Structures are given as C-alpha cells and as structure tokens.
Amino acid sequence: MKPTLPAIITAARAGALDHAEHLFKAGGFESREESSTLAVKGRLRKDRALRLTGEERRAMMAEAAALYERADALLPQPYTRINVATLRLLSGDDAGARELAASIADWLENDRELAETPFYLAATRAEALLLVGDAAGARAALIAALEASPDNHEDMASTLRQLRLIVAARGEEADWLDEFRPPRSLHFAGHMGVDARNVAALADRIDAVLEEEAIGLGFGALAAGADILIAERLLARGAELHVVLPLTPDAFVAQSIRPYGAEWETRFRACLDAAESLVTTATDTGAYEPLATALASDVAMGCAVLHASMMGSEAVQLTIVDDEGGELGKGRATARDATRWQDAGRRSHHLRWPRVESVQASATKPPEGRPDRRLAAMLQIGFAGLDDLDEASFEKAADELLYPLRDVLAAMEAQPAVMLSCGNTRLAAFGTPEAAWEFARELQSHRFKAPVTIAGHYALAHWFEEPAALAGRGVADLARLAAQALPGVVTVSEPFASALFLAAPGVVYAEAVGECEGLTLFALRDG
C-alpha cells in the first residue's frame, strides 16, 4: 500500500521519525510542490531538529521554516504561517520571528472569514502575541481559546507545548502558563460494604477533594461501595468517568456488586451508562482472581498518569479506607493501590469511613483462580516486512537479520523470564512492564540491517515453566497488535503503557497511534 500523508504524520507523532522519513520518500512526496506535502516535510524537519543541539539544530529549524514558508505561499493559512514565525525564532532569527508574528496577529484580528475554529484562531493569536513579546496579550488570547472550547484539553496541551518552546528559546519563565493546564486526573479506589449511615457526609468529603484538586477525569473500577460513591460524585461535577474493570461487566456484577444488594447494581448500571469509556482487562474464568484485580488497578492508575502526562497535567489519587487498621485500613487491594501510588512519589488523599461486611458477599465468594495464571509483560520482536519475503530472500534475511538478532538477544545483560521462538519472531515475557521496557530500550540501541519491530502487551497469561510456554488470550492479543507495530519505536497496548507509566514516571513518552480490536495502541520512546 502506498504511504499517505496521514500515515506519515502518525509515525512522526509516535516518534518513529526514521520510519516517517522513509515513508515520505517511498510515497514520492520529496519532489511534490504542494502546500500539504511541504507542510508535512517541514514537520519532519522540525521533529528532526528537536533531536539536535547547537548550530545543527538552528540550521535545521531554518530549513523547516523555509518549507512551511513555501507551503504558505501556495495556500496561505494560519497553521503554516505561525509555524514559519516560531521556527524562525528557534533558528535564531528573533527579529524575523517578531516581524512576521506581528503581521499574523493583525491578520487574525481583522480577517473574519478565516476557515478555522474559534479555539484555533485564539490559540494561534496567543502564539503570535507571545512571539512579539506581549505575554499579557497571549494570556488574554488563551483565555479566549478556553472560553471558545472549554473541554478541548488535547489541543490546549499541544498549544502549551508550542508556547513553552518559545519561552524556553528566550530563557524566560513559563510559570504563568500553568493556569491553562488541562484539569487533573484522578485514580479512585476504596473498600466495598461502605457504611450507609450518614453517607451524605462522605459525599461532601469526596466533593471537597474533587473541588480542591480541580479534577476533570476519573479512572477506576465500579465495585459496590466506595468506587460507586466516588464515580457518582465525579459525574455530578461534570467530570469524565473512565471505568476499568477486571472482568466483563456481567461477571463483575456477579462478584463485586450483586452480593451487596440490588441498590448497588442499579447505581452501577447508571454509572456505566454515563461513563466516557470502559476497559475490561481480562475475561471471566468463573473464579475470583486477585491477579485480575491487580491488573485492572495497575491499568486504572496508569491510565490516570498517562492521560495527565499527555495533557501536561497531574494525576492524584483518592481512596476510601476502613476506619480500623493502619493508615490505609484493612483492605488489601486498596492498600496495595495506595502504596504503589505513594511509592512513585505522587500525591494522594485517604478518607476513612466504616466498613459493613456483607454476609451474602462472604458466603458467595468464589474460589480463587488457577496457579499457572500470572501477570506477564510480553514483547514480540521481529523485523518489518520479513513475513512477506519469498524463500530465496528469506534465506538471506536469516543470515543478515535473524541470526544477528539471536546473538544480540543472548548477549544482553537483562534477560526475560521466558524467551520463545514464535514463527518469524521472538516472544519474551517479564514480570513487570518496566523490566520489559528496559529490555526493549537496550535492544533498540543495536543496529540491524532492517528496522526492528517491538510490540508489547500486559495481561494475564498461562505461564508454564517446564517446558517454558505462554498461552492465553493475552498472547493472542499481542500477536494481533504486533502486526501494527511501527519500526523504530516500541508499540504497546494501553494496559502495557498505563502500567509502565504508573511505575516509571517522567521517563517515557507515549503517543496514541491507533486501535487494534478494542485495544488502544501507543508508541513509546524515552521521555
């Protein structure tokens, strides 16, 4: 299939810059003098420049500015012109940036027929005013952008990243931009069987935390009790609710809702209907599986952190814990979540509230799951295009790619718990996503004669030791998403990316790059 400009942009956003540049050349775009093509080429040059330093960086920023300028000459529009101005600054031409930015600000102020959204026009005006040195005007324009589209968090985050480049280039303070950060994300959890006496007082305490932290999104499960109470308060303040369940909804209801009474099931259904998204991290086995609960918790916590990172915001945690026991009460699952959150140095709030044990819940608790089920952070490692070769070409590829890969994998310092051959790929399994990520990073430092593809997934798997083997739905999901892996970056599922962000704050950058049968895919690279 011939490369397209959207595919090239997706690869560039993911950080697979070498791959994006290859697609640009393979698609025959190098010689095309069209506005859209020149703008994409300018984007690629800018991304390349951001990886350089000193004079090399400034020279490539100037080259990117020239490409955007040619694009704007063919089709004048705010997007191309503001990029010319900002790239002139980043190339060292402050005077040229100021002069062009002043004309852009005037253009945006006086031309009422520009085919752009009110948000984008205001955000572009903010960038132009900041370039001319009018921080107060830029702030007013950002306020106008927020008023035009209060929930446009992704575009605001992108705008703030661009403005921070300008501020950094001039060595100025960027603290004033913090007021425009998208709202904070919340991970929430707590015990089941919440004492319903005077529960309005607990709702008030939850509301106070949500208001103090300016929460706009919440991530968690919907078990009877604390989870549902917090979810209801999130919805009441107009925040987005993102639900992460360890089982399918019906199986979850049977285990964690219905034993506590019909009222909780009604409230569960209402919250689920109002939720912005639903992720189920495992399927029902008929047994209670603590590992499935742990996986869902890791994904929910990581989703809160991942979203906050992508939006340039912050993630905090709210738990409701027993009024007995230690600081985190008696609930093992909630205490585990709170401890993992605190160990990563993140802020949290813990509200104490009495627990009422459900006799029905205790009497109907199902048996725990199979001992061969384990949490596995899995990587599938291969080479782009290998499966499409004929036999003669494959023999050459084996000598040039597969044997060198085998030797590199064997010599690496960190070794997986399981390494298996899987068709034309290798399957490696680790106990944690952070161990898998470190292995993938080390592997990427080696150079082969073709691009390496690395796909990752975090899931429950049947993990057999003698002989070593991995099986289950999670392994099959990994094989499917590996077919969409981008060369040059590590392409992973949302459960993998989320759990990694929970454990490795600030060291990884993630970019959403698509979907694979219900799984959101992210490309990872060093943060």
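So, here is what we can say about the structure in this document. (Residues numbered from 1 in each chain as written. Predicted model: local features only at pLDDT ≥ 70, side-chain atom pairs only at ≥ 80, totals over all residues. Heavy atoms only, no water.)

1. Things to note about the pairing of strand S10 (residues 452-464)
By the criterion of burial, S10 is predominantly enclosed, with 12 of the 13 residues buried. Where strand S7 (residues 373-383) meets S10, 11 bridges bridge the pair, whose relative direction is antiparallel. Looking at the pairing, Arg373 lines up with His462 of S10. By the bridge criterion, 3 bridges tie S10 to strand S12 (residues 490-493) in an arrangement that is parallel. Directly across from Gly456, in S12, lies its bridge partner Val492. Bridge count for S10 against strand S11 (residues 469-471) is 3 bridges, and the pairing is antiparallel. By the bridge assignment, Trp463 is partnered in S11 with Leu470. Hairpin connection of S10 to S11: 4 residues between the antiparallel strands. (Buried < 20%, exposed > 50% of the residue type's maximum accessible area, 1.4 Å probe, protein only. Helix = DSSP H or I, 4+ residues; strand = E, 2+ residues; numbered from the N terminus. Pairing = 2+ DSSP bridges.)

2. Thoughts on the packing of aromatic side chains
Under the counting rule described, the total for this entry stands at 5 aromatic pairs. Considering the side-chain rings of Phe24 and Phe29, the 5.6 Å spacing of their centres and the 35° angle between planes classify their relative orientation as tilted. Residue classification places Phe24 among the buried positions, given a relative accessible area of 2%. Each ring, one from Phe430 and one from Phe439, has its centre 5.2 Å from the other, and the planes form 55°; the classification is tilted. (Phe/Tyr/Trp six-rings, centres within 6.5 Å; stacked < 30°, edge-to-face > 60°.)

3. Considering the nonpolar core
Counting residues in each nonpolar core, the largest one holds 56 residues, and the members touching the most others are Leu379, Ile381, Phe383, Leu443, Phe448, Phe496 and Leu524. Broken down by element, this core gets its largest block of residues, 11 residues, from helix H14 (residues 290-311). Contacts of Leu443, omitting those with residues within four sequence positions, involve Ile381, Leu405, Val408, Leu409, Met412, Phe448, Val452 and Ile454. Counting 43 residues, the second largest nonpolar core, distinct from the first, contains Ala64, Tyr68, Ala85 and Ile104. (Core = buried A, V, L, I, M, F, W, Y, C linked by side-chain atoms within 4.5 Å. Contact = heavy atoms within 4.5 Å.)

4. A word on the sheet that holds strand S2 (residues 215-220)
Here we have 6 strands laid out as an open sheet, ordered S4-S3-S2-S1-S5-S6, and parallel in their pairing. Since the sheet does not close on itself, it has two edges, and those belong to strand S4 (277-280) and strand S6 (348-352), each with one partner. With direction set aside, neighbouring strand axes in the sheet form an average angle of 20°. Pairing analysis gives 4 bridges linking strand S3 (residues 240-245) to S4, with the strands arranged parallel. From the neighbouring strand, His242 faces S4, where its bridge partner is Ser277. (Axes fitted to C-alpha atoms, helices over the stretch in contact; angles between N-to-C directions.)

5. Examining the side chain of Thr491
Structurally, Thr491 is set in strand S12. Residue class for Thr491 comes out buried when judged on its relative accessible area of 0%. Of note is the side chain of Thr491, whose polar atom sits 3.0 Å from the backbone nitrogen of Leu486. Contacts of Thr491, omitting those with residues within four sequence positions, involve Ile454, Ala455, Gly456, Leu481, Gln484, Ala485, Leu486, Val513, Leu521, Phe522 and Ala523. (Polar contact = N/O pair within 3.5 Å; in protein donor to acceptor, adjacent residues only side chain to side chain.)

6. Quick notes on the pattern of salt bridges
For the structure shown, the criterion picks out 36 salt bridges. A salt bridge links Glu438 to Arg441; the shortest N-O distance between them is 3.0 Å. Highlighted residues: Glu438 and Arg441, both in helix H18 (residues 433-444), separated by 3 residues, approximately one helical turn. When salt bridges that share partners are traced, they join Arg184, Glu213, Glu314 and Arg347 into one network. (Salt bridge = Lys/Arg side-chain N within 4 Å of Asp/Glu carboxyl O.)

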